[in-house]
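Structural overview for review
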Amino acid sequence: MHYFQYKNNELFCEDISVADIAKDVKTPFYLYSHRTLKQHFKAFNDSFDGINHLTCFSMKSNSNMAVLRLFAEEGGGVDIVSGGELYRAIRAGVDPKKIVYSGVGKTVEEMEYAIDSDILMFNSESCQELAALNEVAKRLDKKARVSIRVNPDVDPQTHPYISTGLKENKFGIDIKKSLEEYKAAADMKNLVVTGVSCHIGSQLTKISPFVDSLKKVMDLINKLRDAGIVISYLDMGGGLGITYNEEKPPLPAEYAAALKKEISGSDLTLILEPGRVIVGNACILVAKVLYTKTTGDKNFIIVDAAMNDLARPSLYGSFHGVQPVRSGDRNKIKADIVGPICESGDFLAKDREIESLGQDDLIAVMSAGAYGFTMSSNYNSRPRVAEVMAKGNQYQVIRKRETWEDLARGEETLKI
Ligand SMILES: Cc1ncc(COP(=O)(O)O)c(C=O)c1O
């Protein structure tokens, strides 16, 4: 469900014409629907009503501060993976007591910052990291709350680059060995063991891998209790998939019901770290056709957005719907929709059936809200694009387009 719909063949975001925004903002730009973001967050979060829970939006999927603020106002926290994300979250007004910190390579400076900020907990991913965290906390004369991210060795049945819960992946500590690690962590004077965490991958379209890993985690929590280690938080990570093309992922309510069934009766607080399912379909990337050409028997539509703006198609071969912003009675052709970057891997869509567009026509690349802007780069010295949020019949630029001056900021020619 989202609020990008055609009215008289013209694409609208909520109650405002996408073409009208493009006229003012210029292309390319990411365009978010406030109403969609809010509804998605609420639908997810409310599905867990009835049990103690905290929805920590995974801000690696989208770290724009206007987006974060919206979720914070709905009572959400965030899942972070760097000091930079912590900085953004705090600036956006997220309560540090609702921040969980994941990731395999936290630095000493990042740990210091997070301990000083008094975040809810660190999801620790190795025994060396636990020892380092204990040392940092000791130096600061504080205690750090931790969970151990366990790797349950469950196949999430997703793209290998976004699969994290198999034993060959770099994430977490083998669940079978984690009891020993917990005992070691419990003995560290400046750590307070409070949770167990687990995240098996992204863009999952079935419930069973979540349930299989949750069963393993519940088993571990019982063993920990027997060993005198009491767990308050169970962090099940993110991973629920969305429809990009023909996928049929479970609804948040179905996902929530399955998890609730497994933990009902316990006094655990369930933490969820959804990213994609909240923001993925709440945003489009708007671009303009620069040129079209036919070489051999292939048609190319060359637009002003490229793989540096939206990396997913090039990186994972991912599908994103591409729609004309003004749909007409043009005939349909099959074309590659490509950007200006000097790489054959620079494409937004391949062999796609689309209306035969011409110069200056606008396109909307759908489902671009998750791992879209956050994965964008300055490759080919292309300024990063603007981000815009529409609300009702109004819109606001929530991140300015970078300038050429921005590209050179901080650089110096050699003076030695
Ligand atoms: C630890 C952790 N939590 C949450 C997420 C968010 O996943 P998704 O966007 O699929 O919900 C990720 C993404 O890979 C992650 O690594």
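Anything mentioned here points back to the structure above.
A quick note: this is a predicted structure, and the numbers were derived from the prediction, not measured. (Residues numbered from 1 in each chain as written. Predicted model: local features only at pLDDT ≥ 70, side-chain atom pairs only at ≥ 80, totals over all residues. Heavy atoms only, no water.)

It is worth spelling out the site of the ligand at this point. What surrounds the ligand is a group of 15 residues, the closest being Ser 202, Gly 239, Glu 273, Arg 276 and Tyr 371. Residue His 199 places a side-chain N or O atom 3.3 Å away from an oxygen atom belonging to the ligand. Between the ligand and Ser 202 there is a distance of 2.3 Å, counted from an oxygen atom to a side-chain nitrogen or oxygen. For the ligand, whose accessible area on its own is 400 Å², the fraction buried by protein is 92%. Split by residue class, the shell around the ligand holds 2 nonpolar, 8 polar and 5 charged. (Near = heavy atom within 4 Å. Polar contact = N/O pair within 3.5 Å; in protein donor to acceptor, adjacent residues only side chain to side chain. Areas by Shrake-Rupley, 256 points an atom, 1.4 Å probe, with all protein chains shown as cover. Nonpolar A, V, L, I, M, F, W, Y, C, P; charged D, E, K, R; others polar.)

Let us look at the packing of helix α8 (residues 208–226) against helix α9 (residues 252–263). Two elements in contact, α8 and α9, have axes whose closest approach is 10 Å; the angle formed by their N-to-C orientations is 20°. The angle between α8 and α9 places the two elements in the roughly parallel class. Relative to α9, α8 is oriented so that their crossing is right-handed. Touching Phe 210, Val 211, Leu 214, Lys 215 and Met 218 of α8 are Tyr 255, Ala 258, Leu 259, Glu 262 and Ile 263, all from α9. Of the residues in the contact of α8 with α9, the class split is 8 nonpolar, no polar and 2 charged. (Axes fitted to C-alpha atoms, helices over the stretch in contact; angles between N-to-C directions. Helix = DSSP H or I, 4+ residues; strand = E, 2+ residues; numbered from the N terminus. Parallel < 35°, antiparallel > 145°, perpendicular 65-115°, else oblique. Left-handed = near helix turned anticlockwise from the far one by under 90°. Contact = heavy atoms within 4.5 Å.)

Within this structure, the stated rule accounts for 1 cavity of 30 Å³ or more. In this structure, the largest cavity spans a volume of roughly 40 Å³. In terms of lining residues, the largest cavity is bounded by Ser 102, Asn 123, Arg 149, Ser 197, Cys 198, His 199, Asp 235, Gly 237 and Glu 273. For the lining of the largest cavity, the residue count by class is 1 nonpolar, 5 polar and 3 charged. (1 Å grid on protein atoms, 1.4 Å probe; cavity = no way out; pocket = protein on both sides within 12 Å on 5 of 7 lines; lining within 4 Å. Points joined across faces, edges and corners; volume = space filled by probe spheres on them.)

All right, on to the pairing of strand β13 (residues 269–272) then. Residues Thr 269 and Ile 271 line one face of β13 and the alternating positions Leu 270 and Leu 272 line the opposite face, and both faces are buried. As judged from the 3 bridges shared by strand β5 (residues 53–58) and β13, these two strands associate in the parallel manner. Residue pairing in the sheet places Leu 54 in a bridge with Ile 271 of β13. By the bridge criterion, 3 bridges tie strand β12 (residues 233–235) to β13 in an arrangement that is parallel. Bridging across to β13, Asp 235 finds its partner in Ile 271. Handedness of the β-α-β unit built from β12, α9 and β13 comes out right-handed. (Buried < 20%, exposed > 50% of the residue type's maximum accessible area, 1.4 Å probe, protein only. Pairing = 2+ DSSP bridges. Right-handed = clockwise from strand over helix to strand, strands pointing away.)

Turning our eyes to something else, we now look at the sheet that holds strand β2 (residues 10–13). The antiparallel open sheet is built from 3 strands, whose spatial order is β1-β2-β3. The sheet terminates laterally at β1 (4–7) and β3 (16–17), the two strands that pair on one side only.

The computed volume of the second largest pocket comes to approximately 380 Å³. What lines the second largest pocket is a set of 16 residues, among which Met 1, His 40, Leu 251, Pro 252 and Val 277 lie closest to the centre. Among the elements of the structure, α2 (34–46) and α10 (276–279) are those that each provide at least two residues to the lining of the second largest pocket. In terms of residue count, α2 provides more of the lining of the second largest pocket than any other element does, 4 residues in total. Counted by class, the lining of the second largest pocket contains 10 nonpolar, 6 polar and no charged residues.

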